[in-house]
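Notes for the structure review
Spelled out from the first residue to the last, the chains are:
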Amino acid sequence: AAPESSSSSVYIISTNLGDITIELDDGPTVTTDNFQAYAQDGFYDGTIFHRDIKGFMIQGGGFSPEMIEKVTDVAPIVNEGSLCGENSRGSLAMARPSDPHSATAQFFINTVDNPFLNFREETIQGWGYCSFGHVTDGMDIVDAIEAMPTKTVGPYQDVPATPIIIESVTEVNSTN
């Protein structure tokens, strides 16, 4: 379950299939600040959900519809795994390569409970993936994205056959 929060920021991920409303959790401040900075800078605008693995997650925020990676000059962030929520259905987490401290802009939404992605310990295998928010409205859109047929594009597998464009990621309210 998602952690309860006393203050939060709410964002709408607007896609060409509809809107996904997310609430950011308290706790992992570096991770939350990182996501907010990318959103406020408009980095996500025009990117796609480029990875769709049924029964697992949908990933976005780093590629154009032509599958060209969007480059960032912002340094990767430290993994705040011990401060993060669980990777449960509807939770929002930072995507990263194998280095636990290498997340930049890409994120994913869990479409099922994925406890094996949770923080266990401060080791290369134990850091997990930092879950820092959760979907509060629009899981039907997440499920629709997950249900899309996929294809391979160059070296990338599980790419939705029809581009799912992230039109914008906009903060709609903040409660403190």
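Residues numbered from 1 in each chain as written. Predicted model: local features only at pLDDT ≥ 70, side-chain atom pairs only at ≥ 80, totals over all residues. Heavy atoms only, no water.

A look at empty space enclosed by the protein
Quick reminder of the rule: Put simply, the grid is 1 Å and covers the protein atoms alone, a cavity is a trapped set of points that fit a 1.4 Å probe, a pocket is an open set with protein on both sides within 12 Å along at least five of seven lines, and lining residues have an atom within 4 Å of a point. Grid points are joined across faces, edges and corners, and a volume is the space filled by probe spheres set on the points.
Overall, the coordinates contain 1 cavity of 30 Å³ or more when judged by the stated rule. Here the largest cavity is characterised by a volume of approximately 70 Å³. Lining the largest cavity are Thr 31, Ile 77, Val 78, Asn 79, Glu 80, Met 94, Arg 96, Pro 100, Ala 103, Gly 128, Tyr 129 and Cys 130.

Observations concerning the packing of aromatic side chains
This is how the line gets drawn: The criterion for an aromatic pair is that two Phe, Tyr or Trp rings (for Trp, the six-membered ring) have centres within 6.5 Å, with stacked assigned to planes under 30 degrees apart, edge-to-face to planes over 60 apart and tilted to the rest. Exposure is judged per residue with a 1.4 Å probe applied to protein chains only, and the accessible area is read against the type maximum: over 50% gives exposed, under 20% gives buried, and values in between give partly exposed. Helix and strand assignments follow DSSP, with helices taken as H or I runs no shorter than four residues and strands as E runs no shorter than two, numbered in order from the N terminus. Here, over-ring charges are defined by two tests on the NZ atom of lysine or the CZ atom of arginine: distance to the ring centre within 6 Å, and angle to the ring normal within 35 degrees.
Within this structure, the stated rule accounts for 13 aromatic pairs. Ring centres 6.0 Å apart and planes at 85 degrees place the aromatic pair Phe 43 and Tyr 44 in the edge-to-face group. You can call Phe 43 buried: its relative accessible area is 11%. Between Phe 108 and Tyr 129 the ring centres are 6.0 Å apart and the planes differ by 70 degrees, which places this aromatic pair in the edge-to-face class. In this pair, Phe 108 is assigned in strand S6 (residues 107-110) and Tyr 129 in the loop between S6 and strand S7 (131-137), connecting sequence segments 21 residues apart. Each member of the aromatic cluster is reached from another via a ring pair, and the members are Tyr 11, Phe 35, Tyr 38, Phe 43, Tyr 44, Phe 49, Phe 107 and Phe 132. The residue whose ring lies beneath Lys 70 is Phe 43, and the NZ or CZ to ring-centre distance is 4.6 Å.

Re the environment of Val 169
Threshold: Every residue pair with non-hydrogen atoms within 4.5 Å of one another is taken to be in contact.
For Val 169, the position within the fold is in strand S10 (residues 165-175). For Val 169, a relative accessible area of 5% puts it in the buried group. Spatially, the C-alpha atom of Val 169 lies 24 Å from that of Thr 150, the residues being 19 residues apart in sequence. Residues contacting Val 169, with those up to four places away along its chain left out, are Tyr 11, Ile 12, Ile 13, Phe 35, Ala 39, Tyr 44 and Asp 45.

A few points about unusual backbone geometry
The phi torsion at Met 67 lies on the positive side, around 65 degrees, for a residue other than glycine. With respect to the helices and strands, Met 67 occurs in the loop between strand S4 (57-60) and strand S5 (91-94). We classify Met 67 as buried; its relative accessible area is 10%. With a phi close to 65 degrees, Asp 158 is a non-glycine residue in the positive phi region. Assignment of secondary structure puts Asp 158 in strand S9 (residues 156-160). Asp 158 sits in the partly exposed class, given a relative accessible area of 26%.

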